[in-house]
Amino acid sequence: QVQLVESGGGLVETGGSLRLSCVASGRSFSGGAMAWFRQAPGKERELVAAIDWTRPTTYYANVVKGRFTMSRDNAKNTVYLQMNSLKPEDTAVYYCAARLDSLYLVVSGYRYWGQGTQVTVSS
């Protein structure tokens, strides 16, 4: 059993920055992975970034590559999503997710989810 607690969402101006945090509690990961997803109004949920917990290896969606950075703090069981140069198109509910296996790019396999945090970028 894994619980995820997110924080850091809010309202920012175009070009601004925001950092999301996700704290995981419960079972320790062994070869697991964590990810950030987002869902904008009227659109499907999409994978933004993911990290294999062990190696680590990080993936970014092309639309955020160069602007977003996913990182981790092993001592705090926490992952972050640093979002820079934000655009109105980044407006969405952002979700933290986790899995216990290492198939971090298989999006259907994430079993544990946070409640989501709203990110709004004004134009």
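Residues numbered from 1 in each chain as written. Predicted model: local features only at pLDDT ≥ 70, side-chain atom pairs only at ≥ 80, totals over all residues. Heavy atoms only, no water.

**Digging into the environment of Thr58**
Looking at the element boundaries, Thr58 is found in strand E6 (residues 58–60). Given the relative accessible area of 32%, Thr58 is considered partly exposed. Separated by 27 residues in the primary sequence, Thr58 and Ser85 place their C-alpha atoms 20 Å from one another. (Helix = DSSP H or I, 4+ residues; strand = E, 2+ residues; numbered from the N terminus. Buried < 20%, exposed > 50% of the residue type's maximum accessible area, 1.4 Å probe, protein only.)

**Comments concerning the packing of aromatic side chains**
What characterises a pair of aromatic rings is the spacing of the ring centres plus the angle enclosed by the ring planes. Under the criterion given, the structure shown has three aromatic pairs. Note on Phe37 and Trp113: the rings are 4.9 Å apart at their centroids and 50 degrees apart in plane angle, and the pair reads as tilted. With Phe37 in strand E4 (residues 33–39) and Trp113 in strand E10 (residues 112–113), this pair connects stretches of sequence that are 76 residues apart. Arranged with centres 6.4 Å apart and planes meeting at 80 degrees, the rings of Tyr95 and Trp113 form a pair that is edge-to-face. (Phe/Tyr/Trp six-rings, centres within 6.5 Å; stacked < 30°, edge-to-face > 60°.)

**With respect to the pairing of strand E5 (residues 46–52)**
Burial analysis of E5 places six of its seven residues in the buried class, which makes it a mostly covered element. Where E4 and E5 come together, six bridges link them in antiparallel fashion. Across the sheet, residue Ala33 finds its bridge partner in E5, namely Asp52. Two strands pair when backbone bridges link them, and E5 and E6 are joined in this way by three bridges, in the antiparallel orientation. Each bridged residue has a counterpart across the sheet, and for Ile51 the counterpart in E6 is Thr58. Here E5 folds back onto E6, and the loop between the two strands holds five residues. (Pairing = 2+ DSSP bridges.)

**Examining the pattern of salt bridges**
Two side chains that carry opposite charge are able to pair once their charged atoms sit near each other. Across all of its chains, the model carries five salt bridges by this definition. The partner of Asp90 in a salt bridge is Arg38, and the shortest N-O contact between them spans 3.0 Å. With Asp90 in the loop between strand E8 (78–83) and strand E9 (92–99) and Arg38 in strand E4, the pair connects residues that are 52 residues apart, well separated along the chain. Arg38 gets classed as buried once you look at its relative accessible area, which sits at 5%. (Salt bridge = Lys/Arg side-chain N within 4 Å of Asp/Glu carboxyl O.)

**Quick look at the side chain of Arg99**
By the secondary structure assignment, Arg99 is in strand E9. Of the polar contacts made by the side chain of Arg99, one reaches the backbone oxygen of Val106; its length is 2.3 Å. (Polar contact = N/O pair within 3.5 Å; in protein donor to acceptor, adjacent residues only side chain to side chain.)

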